Structure formats: C-alpha cells, structure tokens
Amino acid sequence: MQGDLRLSLRLLRAYLAATEHGSITGAAAALHVAPSAVATAIDKVEAEFGTVLVTRNRAKGIAPTTAGRALAARIKALLDEYDAVMSEGHALGASLAGDLRIGYYAPVAPAFLPEILQPLMAASTGLRVDLRDCDNDSAQAGLIEGRLDVILFAGGEVRPGIETEALLDIPPYILAPVAHPLALRGEATLADLNGADLVLLDLPLAGAYTRRLLETGGIAPRIVATSSSTEMIRSLVGAGTGLAVLNMRPRTRSSYGGAELAEVPLRPPLPGLTLMAGRLAGRPRRAVTVFLDAVRAWFAGPQAAELVVREAGAQAPRQ
C-alpha cells in the first residue's frame, strides 16, 4: 500500500484551473486564492510526476504541454467523480452536474443526438452539454487531449487508448430528387452513376469512401460539385444539380430548400460505414457512462432504423 497522498484535491484543483484559464492570475481569481498558491500547486504537480506540464510566458500566461493536457483531463475526471460521490452522499438521487463535451463525426447527428440528450438534461438541471462537429481525426485527437469526454464517429482507424463500441452499420445509398427515374424505380446499382452528374460529400472519411466505392466498381460519374456540408449536398440534389452517394440519412425527406428527396437503396449490398462511440480507456466519468447508456438504448430501439436505407425486405443486422 502506498504512503500518504502527496497531492491534495486542493493542489489538483489549482493545477486544473490554471490549465483551463491559461493563466495563474486567472486561476487564482476563480479559486479566490493568491497567485502564489496556484504557482506552488503547478510546481508540486510537476515535481510529483517528474515532467514539465505547462510552459510559462509572462506576456501570454501559461499553456499546458501535451502531457499536461492529458493529465488535466484525468484530473478533471477524478474531480468530477469526487464531486459526484460527495453530492450523492449528501443527497440521495443527486442529479448529474458539470460539462459533458461531445464530439461527433456523423453528418446527420442532429437527427438523433438532441432526442438522446433532452431526457438527460431535463432530469439533470446541472448538466451542461457542449457539442462539437468534428472529423474522425479531430474527434479522436480531442478525446485523447482531454478537450472532449466522448465521441461519436464513423469508423475508420482508431487511435491507441480509445475504447470503442459499434452502434449502427450504415450502407450506402443514392440520394435523388423524388421525381428522378431512379427514385421512381425504387432501387439502383452503382453502375447507374456511370456518366451521371454527382455531387460529392467531401469530408475526410466520406469523400475517400465514396471515391473508393466508385473506383472499385469502375464507375466514372461527372463530379459537378463538392461540399463539406450534408445539408448543402441534399439541397444541391433537391435543386437538380446531380445525384449523391450518402450513408446515414436524416429523419426528414426534404432539403433546406424545400425539395422532396428520395433515398434509393443500392443493390447488391455494398460495404458501408459503422457508426461508433468512443471514450478514453479506463473508468469513465459518471456523465459519460450515463450518456453512453442512453446512446446504446436509443440505437437498440426502432428509431435507429430510420437512419438506414436498405433494400425492400432487407433485414437490419442485430445490434
């Protein structure tokens, strides 16, 4: 068994405040202590772990190093858990509190995230949610560096130290105006895109995924427009600019421009993407655990099927 703890909660809170405020004086003001107390806390934390955790600049304050950011994230989780335990000890049934920072790379996340979050926030008035639209790389980097608590992303390569779980398999489909011949036919093959006008969702994973599908199938459409916005792609399709290849669909059949759209399933089935949830390995904060439980429950329910386009009669895989 280890000896007496060398870093008190007071020192950890001071270190965390300094990294969040970016200055010793700002942290001191927030904690109602002298700046020297914050400076001493930083020194003691660095001495305990034997490494430089912040860089100091008289003109610009302080900035955490990569190791300092990672440690700050762990300290925040520890203090949040401590606060939650103390709160529950003083009042049974205490609600969740604090910030929950969610990064997502899921173009139609607005179709499901608000519905998942609203009951949690209604039951926990002290919970504040910070939602960040990311790509796969920035979502995972934000998680590792402590800027995010949990992420939702569309598969791809996973960085070491991140625990993931699959939520939904999402095959590709063709998005077309509702009166387009493919929409009237009700199904399509990738070959139907050969020589057709195509608008491309040009996000880091989605763009490469679509290009790979087309190249593998020997299909050569005319890419007439690109956009990093799913809703812009849907509106371009609705205006008749071209067709699009997408995966997840929103729970509406019209674009921002008011045009009615049709999601045309592809046959034979093609390799899709997988929507995943990710968090740092180890024991998560209570808010992360509660959120992930809610996410699992939602994606195990019937609403999740509305996000997927399949051939008529095709069965969704078991979650």
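Everything discussed here concerns the structure shown above.
Conventions used here
Numbering of residues starts from 1 in every chain and runs along the sequence as written. Only residues with pLDDT of 70 or above have their local features reported here, since the model is predicted, and side-chain atom pairs are shown and tallied only from 80 upward, although totals for entire chains, interfaces and linings are computed over all residues. As a rule here, side-chain values come from all non-hydrogen atoms in the structure, and water together with hydrogens is ignored. Here a strand is any run of E in DSSP of at least two residues, a helix any run of H or I of at least four, and the numbering for each starts at the N terminus. Each residue is placed in one exposure class: buried if its accessible area under a 1.4 Å probe, protein chains only, is under 20% of its type's maximum, exposed if it is over 50%, and partly exposed if it falls in between. The method behind every accessible area is Shrake-Rupley, applied with a 1.4 Å probe, and residues are considered shielded solely by the protein chains displayed. We treat Lys and Arg as the positive residues and Asp and Glu as the negative residues; His and chain ends play no part in the count. To locate a charge, take NZ of a lysine, CZ of an arginine, CG of an aspartate or CD of a glutamate. The pairing criterion for strands is at least two bridges between them, as found by DSSP. All axes here are fitted lines through C-alpha atoms, helices being fitted over the stretch that makes contact, and every angle between N-to-C directions spans 0 to 180 degrees. Residues are treated as being in contact if the distance between any of their heavy atoms lies within 4.5 Å. For our purposes a nonpolar core is just a set of buried Ala, Val, Leu, Ile, Met, Phe, Trp, Tyr and Cys residues, chained together by side-chain atoms within 4.5 Å. For classification, angles of less than 35 degrees are called roughly parallel, those exceeding 145 degrees roughly antiparallel, those between 65 and 115 degrees roughly perpendicular, and all remaining angles oblique. Handedness of a crossing follows from how the near helix is turned relative to the far one, being left-handed for an anticlockwise turn of less than a right angle and right-handed for a clockwise one. Put simply, Ala, Val, Leu, Ile, Met, Phe, Trp, Tyr, Cys and Pro go in the nonpolar bin, Asp, Glu, Lys and Arg in the charged bin, and everything else, Gly too, in the polar bin. What a helix is expected to span follows from its residue count: subtract one and scale by 1.5 Å. The residues that make up patches have over 30% relative accessible area and no salt bridge, and they are joined within 9 Å when like-charged or within 5 Å when they are Val, Leu, Ile, Met, Phe, Trp or Tyr. A pairing counts as a salt bridge when a side-chain nitrogen of Lys or Arg comes within 4 Å of a carboxyl oxygen of Asp or Glu.

A. Spatial organisation of the overall build of the protein. Regarding its fold elements, the protein presents 10 helices and 12 strands. Considered along the principal axes of its C-alpha atoms, the protein spans approximately 70 × 45 × 40 Å. Relative to its full complement of 319 residues, the protein shows a buried share of 45%. Of the roughly 16100 Å² of accessible surface on the protein, a fraction of 55% belongs to carbon and sulfur atoms. Counting 31 positive and 32 negative side-chain charges, the protein places the centres of these two groups 4 Å from one another.

B. Structural detail: the sheet that holds strand β3 (residues 97–104). With mixed pairing, 5 strands are arranged side by side in an open sheet as β4-β3-β5-β12-β6. What marks the edges here is a single partner per strand, and that holds for β4 (126–133) and β6 (162–170). Direction aside, neighbouring strands of the sheet carry axes that sit 20 degrees apart on average. Contacts from helix α6 (residues 136–144) reach β5 (150–153), β6 and β12 (273–280) within the one sheet, and its direction differs from that of β5 by about 165 degrees.

C. Summary view of the nonpolar core. Counting 61 residues, the largest nonpolar core has Phe 112, Phe 291 and Phe 299 as the members making the most contacts within it. A per-element tally of this core places helix α10 (residues 286–299) first, with 8 residues. Of all hydrophobic cores here, the second largest spans 22 residues; its members include Ala 17, Ala 27, Ala 41 and Ile 62.

D. Representation of the packing of helix α5 (residues 113–123) against α10 in the model. Here α5 crosses α10 at 130 degrees, and the two axes come no closer than 10 Å. Between α5 and α10, the angle falls in the class oblique. When you trace α5 past α10, the crossing you get is right-handed. Counted together, Leu 113, Glu 115, Ile 116, Leu 117 and Leu 120 of α5 and Val 290, Phe 291, Ala 294, Val 295, Trp 298 and Phe 299 of α10 form the full contact between these two elements. In the contact of α5 with α10, the residues fall into 10 nonpolar, no polar and 1 charged.

E. Focus on helix α1 (residues 9–21). Its 13 residues give α1 an end-to-end C-alpha distance of 18 Å, which sits within 8% of 18 Å, the value for a rise of 1.5 Å per residue. Within the sequence span of α1, burial applies to Leu 11, Leu 12, Ala 14, Tyr 15, Leu 16, Ala 17, Ala 18 and Thr 19. Just past α1, the residue Gly 22 takes up positive phi, approximately 75 degrees.

F. Examining the packing of α1 against helix α2 (residues 24–31) more closely. Packing of α1 against α2 leaves a shortest axis separation of 8 Å and a crossing angle of 125 degrees. By the angle between their axes, α1 is oblique relative to α2. Where α1 crosses over α2, the two elements pack in a sense that is right-handed. Across the interface between the two elements, Arg 13, Ala 14, Ala 17, Ala 18 and His 21 from α1 touch Gly 26, Ala 27, Ala 30 and Leu 31 from α2. Split into classes, the residues belonging to the contact of α1 with α2 amount to 6 nonpolar, 2 polar and 1 charged.

G. Looking closely at a nonpolar patch on the surface. There is a patch of nonpolar side chains on the surface, built from Leu 9, Tyr 82 and Met 86 and spanning about 240 Å² of accessible area. For Met 86, the location among the structural elements is in helix α4 (residues 66–90).

H. Just the pattern of salt bridges, in detail. A complete count under the given rule lists 22 salt bridges for this structure. In this structure, Lys 76 engages Asp 80 in a salt bridge whose closest nitrogen and oxygen atoms are separated by 3.8 Å. In this pair, Lys 76 and Asp 80 both sit in helix α4, 4 residues apart, roughly one turn of the helix. Its relative accessible area of 13% is what places Lys 76 among the buried residues. For Asp 80, the salt bridge identified is with Arg 285, shortest N-O distance 2.8 Å. Highlighted residues: Asp 80 in helix α4 and Arg 285 in the loop between β12 and α10, separated in sequence by 205 residues.

Read these as spatial facts, not as claims about activity.
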